[in-house]
Amino acid sequence: MRYVALLLMAALWAGPALAGDFTVTVRGADGKPVPDAVVMIYPNGQPTKGPIKFAWPYRVAQQNIQFNPFVLVVPVGADVAFPNLDKVRHHVYSFSAGNKFEIKLYGHEENRTAKMNTAGVAAIGCNIHDQMVGFIRVVDTQYAGKTDATGAVTIQDVPAGAVVAKVWHPYLRGLKNETALQTKSVGAGPAREQVTIDLRAPAGH
């Protein structure tokens, strides 16, 4: 009987690792908070197996001759909506490898969609309005999010254990616009890290 009890206790101890929230604050070299930085966490260094779903809409509107939001995070395979809220027509495209698409001229209050097929980046533009620039970060981990105006993002329920964590920003100086975070493992409770990144000026500015 005692042996069975020990086996049950061992099974409980070997259950799923406890999870905790991981907050990352991103600042530029000038100390100012950096919004629109994407934080990606890979438990055990591995992408998520199975479908990924985020709470926010997979949507990039054209509004006031700009893309809104400037940076959108979506999972691989997502269908992204591109509603035109302007009174002029737009022609949205991306030449990014793995996520190329073209949505030819469409007008006010019309909507189109494009599928994001590959983990990576889709840099988007408008063939009519050159000043319109936006980015879709396509991720293969469910533990991802982007920083807000304060430069912070909290990734919820990250499993305890070893992790590989990265931060990406479209203007970050670094290979593939990414840098690795110092955190190599997270515990069962909340975890925090602050990182400083070096940004280059956007092209044309």
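What counts as what
- Residues numbered from 1 in each chain as written.
- Predicted model: local features only at pLDDT ≥ 70, side-chain atom pairs only at ≥ 80, totals over all residues.
- Heavy atoms only, no water.
- Core = buried A, V, L, I, M, F, W, Y, C linked by side-chain atoms within 4.5 Å.
- Buried < 20%, exposed > 50% of the residue type's maximum accessible area, 1.4 Å probe, protein only.
- Helix = DSSP H or I, 4+ residues; strand = E, 2+ residues; numbered from the N terminus.
- Contact = heavy atoms within 4.5 Å.
- Pairing = 2+ DSSP bridges.
- Axes fitted to C-alpha atoms, helices over the stretch in contact; angles between N-to-C directions.
- Phe/Tyr/Trp six-rings, centres within 6.5 Å; stacked < 30°, edge-to-face > 60°.

Visitor: Hey, could you go over the nonpolar core for me, with residue numbers and the actual values?
Guide: Val 60, Val 74, Val 80, Phe 82, Phe 101, Met 116 and Ile 136 are the most contacted members of the largest nonpolar core, which has 32 residues in total. Mapped by element, the contributors of at least two residues to this core are strand S2 (38-43), strand S5 (71-75), strand S8 (101-106), strand S10 (120-126) and strand S11 (133-139). Beyond its immediate sequence surroundings of up to four residues, Val 80 is in contact with Tyr 58, Arg 59, Val 60, Leu 72, Val 74, Arg 112, Thr 113, Ala 114, Met 116 and Ile 136.

Visitor: Kindly report on the pairing of strand S14 (residues 161-168), identifying the contributing residues and their values.
Guide: Judged from the six bridges that link them, S2 and S14 form a sheet pairing that is antiparallel. Bridge pairing in S14 places Val 38 opposite Trp 168. Bridge analysis of S14 against strand S16 (residues 185-186) gives two bridges, and the strand direction is antiparallel. Following the sheet pairing, Gly 161 is matched in S16 by Val 186. Looking at chain direction, S14 and strand S15 (residues 178-180) are connected through three bridges and run antiparallel. Pairing of Lys 166 across the sheet is with Ala 180, part of S15.

Visitor: Account for the sheet that holds strand S13 (residues 152-159), with residues named and values stated.
Guide: Two orientations exist for strands paired in a sheet by backbone hydrogen bonds: parallel and antiparallel. Here we have three strands laid out as an open sheet, ordered S13-S1-S17, and mixed in their pairing. A single partner strand is all that each edge strand has here, and the edge strands are S13 and strand S17 (191-197). Sheet twist, expressed as the average angle between the axes of neighbouring strands with direction ignored, equals 25°. Sheet topology note: the strand S1 (residues 19-28)/S17 ladder contains seven bridges and is parallel.

Visitor: Quick one: what's the story with the environment of Thr 113, residue by residue and with numbers?
Guide: Take Thr 113: it is sitting in strand S9 (residues 113-115). Taking C-alpha positions, Thr 113 is 5.3 Å from Val 80, a pair spaced 33 residues apart along the chain. Apart from residues no more than four positions distant in its own chain, Thr 113 is found in contact with Val 80, Ala 81 and Ile 103.

Visitor: Lay out the packing of aromatic side chains with the relevant residues and their values.
Guide: The way to describe two aromatic rings as a pair is by their centre distance and the angle between their planes. By the definition in use, this model includes seven aromatic pairs. Ring geometry for Phe 70 versus Phe 135: centroids 5.6 Å apart, planes at 85°, classification edge-to-face. With Phe 70 in the loop between strand S4 (67-68) and S5 and Phe 135 in strand S11, the pair connects residues that are 65 residues apart, well separated along the chain. Here Phe 70 and Tyr 171 contribute two aromatic rings whose centre-to-centre distance is 6.2 Å and whose plane-to-plane angle is 35°, an arrangement assigned as tilted. With a gap of 101 residues between them, Phe 70 in the loop between S4 and S5 and Tyr 171 in the loop between S14 and S15 connect regions that are remote in the sequence. According to the relative accessible area criterion, Phe 70 is partly exposed, its value standing at 24%. On the basis of relative accessibility, which here comes to 14%, the residue Tyr 171 falls in the buried class. Each residue in the set Phe 70, Phe 135, Trp 168 and Tyr 171 is aromatic and connected to the rest through ring pairs, giving one cluster.

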